[in-house]
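Residues per chain are reported as follows:
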Amino acid sequence: MSIITGDKEFFKGVGQIKFEGRDSKNPLAFRWYEADRVVRGKSMKEWLRFACAYWHSFNGDGSDPFGGRTHFFPWDTNSDPLQRAKDKMDAAFEFMTKVNLPYYCFHDVDLIDHTNDVVENEKRMSQITDYAKEKQAASGVELLWGTANLFSHTRYMNGAATNPDFHVLAHGGAQVKSALDATIKLGGANYVFWGGREGYMSLLNTNMKREQEHLAKFLHVAKDYARAAGFTGTFLIEPKPCEPTKHQYDYDAATVIGFLEHFGLQNDFKLNLEVNHATLAGHTFQHEVQVAAQAGLLGSMDANRGDYQNGWDTDQFPTNVNELVETLLIILEAGGFDKGGINFDAKIRRNSTDPADLFYAHIGGMDTFARALVVADDILEHSDFAKLRKERYASFDKGAGADFEAGKLDLEALRDYAAANGEPAIISGQQELYENIINQYI
Ligand code: XLS
Ligand code: NI
Ligand code: NI
């Protein structure tokens, strides 16, 4: 990857971010992330497949429910929408190549402003994706996934695919078609559906069964269209339990897996799991990754972290090594992401207003993941962790336990075994031992 700047350099004073090793005190260097370092037979770059989230890094302006923008971008000034979109894209590709992010992700409306005219929007998307194609070719940065924003516009206030008004649903379809065209044109590896307002604010005015059936139909027609147009990537559903709606239908991994299987979508769709969404659902992120992985539906992840003292999607950059080690253990055991990757769906804070802050944020996130990858690999290679867990289930590896797993024992046979063998021994779960192993290798 080589640094590319457009007509004008936006992040002056910051050059290529390099790996300098653990002892470096340079805040604009990696201490752990070494793209080509091989871990368990693959490079860090291949394991982690880091992506930049266009919306947080290049559209997010620091505003919150209590105040307007605090981030004033030099790429956001031109009055012509196409030129403004191109300036933003120049800034994005300059940033991604400087910080060594191999992928990016976008919503349609992140790339270029949309209007209320479907035809005009398609024209704008076509123009800006022509430009994106050039930028990708010049830089080597690739598209991890595209998506359509079906939650910000007023028309989607009652949902998109689950809107009680068919006319709104059709507009959602038009946007998804255009976003799929863009994703296919740019060689996107995946396409994401996050059901931003696909849920309800009140059950009193909601026919939940009908709405969920509409959502499934909508996903089917989108998938059929994309497959016919040659899309070979993975469709991803991003679970989230609430916010902005009171209840979102894609509540958590287990709920989405049930939905996909119920509606026959499980062969084309996988999950895009987000850390802060897991915690909003009352789960650890590790739990969500495990649920998806064991169903063979671990697709990709949105990396961020929440705040344990409050209950909304704060989308902070990940910094917790301990939690990520536990996550990476599951990801490594599942063999990695295949087409997915790690998208930094995270934003710098409202009061982080220096251009360098975006670099610190991504460097910190990438280093934390790289460190967690090294530690998780070390645990699997050198500790008793995997062996201890396997031995916990040893009674199912032979004799009556193995027969039970093979479906050879009925309920009466269980009773006879219990009667013949007396009271089981007390066996420790050794949780503290496992916890100590994690810390020992960090
Ligand atoms: C919001 C979601 C969103 C999706 C993409 O909470 O995380 O950013 O990742 O629509
Ligand atoms: Ni997300
Ligand atoms: Ni989110």
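The structure presented is a predicted model; accordingly, all values stated were derived computationally and were not measured. (Residues numbered from 1 in each chain as written. Chains lettered and ligands numbered in written order. Predicted model: local features only at pLDDT ≥ 70, side-chain atom pairs only at ≥ 80, totals over all residues. Heavy atoms only, no water.)

1. Focus on the coordination of the nickel ion (ligand 3)
No. 1: Taken together, Glu274 (OE), His277 (NE2) and Asp313 (OD) make up the protein donors of the nickel ion (ligand 3), found 2.1 to 2.4 Å from the metal.
No. 2: Mapping the donors of the nickel ion (ligand 3) onto the primary sequence yields the spacing E-x2-H-x35-D.
No. 3: The metal-metal distance between the nickel ion (ligand 3) and the nickel ion (ligand 2) is 3.8 Å, with Glu274 serving as a donor to both. The pair Glu274 / His277 is uniform in exposure class, with both members buried. (Donors = N, O, S within 2.8 Å, 3.2 Å for Na, K, Ca; no water. Buried < 20%, exposed > 50% of the residue type's maximum accessible area, 1.4 Å probe, protein only.)

2. Brief notes about the coordination of the nickel ion (ligand 2)
No. 1: The protein atoms that coordinate the nickel ion (ligand 2) are Glu238 (OE), Glu274 (OE), Asp302 (OD) and Asp345 (OD), at distances of 2.0 to 2.1 Å.
No. 2: Relative to the metal, the six donor atoms surrounding the nickel ion (ligand 2) lie at angles of 81 to 174°, and the coordination shape comes out octahedral.
No. 3: Every donor residue of the nickel ion (ligand 2) comes from the same chain, spaced as E-x35-E-x27-D-x42-D. (Tetrahedral: all angles 85-135°; square planar, octahedral: opposite > 155°, others 65-115°.)

3. Considerations on the packing of aromatic side chains
No. 1: Applying the stated criterion across every chain yields a total of 28 aromatic pairs.
No. 2: Look at Phe259 and Phe263: their rings are 4.9 Å apart centre to centre, the planes differ by 55°, and that puts the pair in the tilted class.
No. 3: On the basis of relative accessibility, which here comes to 10%, the residue Phe259 falls in the buried class.
No. 4: Taken together through their ring pairs, the aromatic side chains of Phe10, Phe11, Tyr54, Phe58, Phe73, Trp75, Phe93, Phe95, Tyr104, Phe106 and Phe359 make up a single cluster. (Phe/Tyr/Trp six-rings, centres within 6.5 Å; stacked < 30°, edge-to-face > 60°.)

4. Considerations on the sheet that holds strand 12 (residues 269-274)
No. 1: The strand order around the closed barrel formed by eight strands is 5-6-7-8-10-12-13-14, and the pairing between neighbours is parallel. Ignoring strand direction, the axes of neighbouring strands in this sheet form an average angle of 30°.
No. 2: By the bridge criterion, three bridges tie strand 5 (residues 50-53) to strand 6 (residues 103-107) in an arrangement that is parallel. Of the residues in strand 6, the one forming a bridge with Cys52 is Tyr104.
No. 3: Packed on one face of the sheet, helix 8 (residues 253-262) meets strand 10 (234-238) and strand 12 and runs near 165° to strand 12. (Pairing = 2+ DSSP bridges. Helix = DSSP H or I, 4+ residues; strand = E, 2+ residues; numbered from the N terminus. Axes fitted to C-alpha atoms, helices over the stretch in contact; angles between N-to-C directions. Contact = heavy atoms within 4.5 Å.)

5. Quick word on the site of ligand 1
No. 1: In the vicinity of ligand 1, the residues found are Trp55, His107, Trp145, Trp194, Glu238, Lys240, Glu274, His277, Asp302, Asp313 and Asp345.
No. 2: Within the side chain of Glu238, a nitrogen or oxygen atom sits 2.7 Å from an oxygen atom of ligand 1.
No. 3: Between Asp345 and ligand 1, the recorded distance is 2.8 Å, taken from a side-chain N or O atom to an oxygen atom.
No. 4: When the free accessible area of ligand 1 is taken as 290 Å², the share hidden by the protein chains comes to 93%.
No. 5: A per-class count over the shell around ligand 1 returns three nonpolar, two polar and six charged. (Near = heavy atom within 4 Å. Polar contact = N/O pair within 3.5 Å; in protein donor to acceptor, adjacent residues only side chain to side chain. Areas by Shrake-Rupley, 256 points an atom, 1.4 Å probe, with all protein chains shown as cover. Nonpolar A, V, L, I, M, F, W, Y, C, P; charged D, E, K, R; others polar.)

6. As for the environment of Lys98
No. 1: Here Lys98 lies in helix 3 (residues 81-99).
No. 2: Only 2.9 Å separates the side chain of Lys98 from the backbone oxygen of Phe11, close enough to count as a polar contact.
No. 3: Here Glu94 takes part through its side chain, which lies 2.9 Å from a polar atom of the side chain of Lys98.

7. A closer look at helix 3
No. 1: The end-to-end C-alpha distance of helix 3, which contains 19 residues, comes to 27 Å, matching closely the 27 Å that a straight helix rising 1.5 Å per residue would cover.
No. 2: Helix 3 sits mainly inside the fold: 15 of its 19 residues count as buried.
No. 3: Immediately beyond the C-terminal end of helix 3, within one or two residues, lies Asn100, with a positive phi of roughly 70°. (Expected span 1.5 Å × (residues − 1).)

8. As for the pairing of strand 12
No. 1: Among the six residues of strand 12, five are classified as buried, and the element is accordingly described as predominantly covered.
No. 2: Across three bridges, strand 10 lies against strand 12 in parallel orientation. In the sheet register, Phe235 faces strand 12, and the bridge partner there is Phe269.
No. 3: Strand direction decides the pairing type here: strand 12 and strand 13 (residues 298-303), joined by four bridges, are parallel. Bridge pairing in strand 13 links Leu271 to Leu298.

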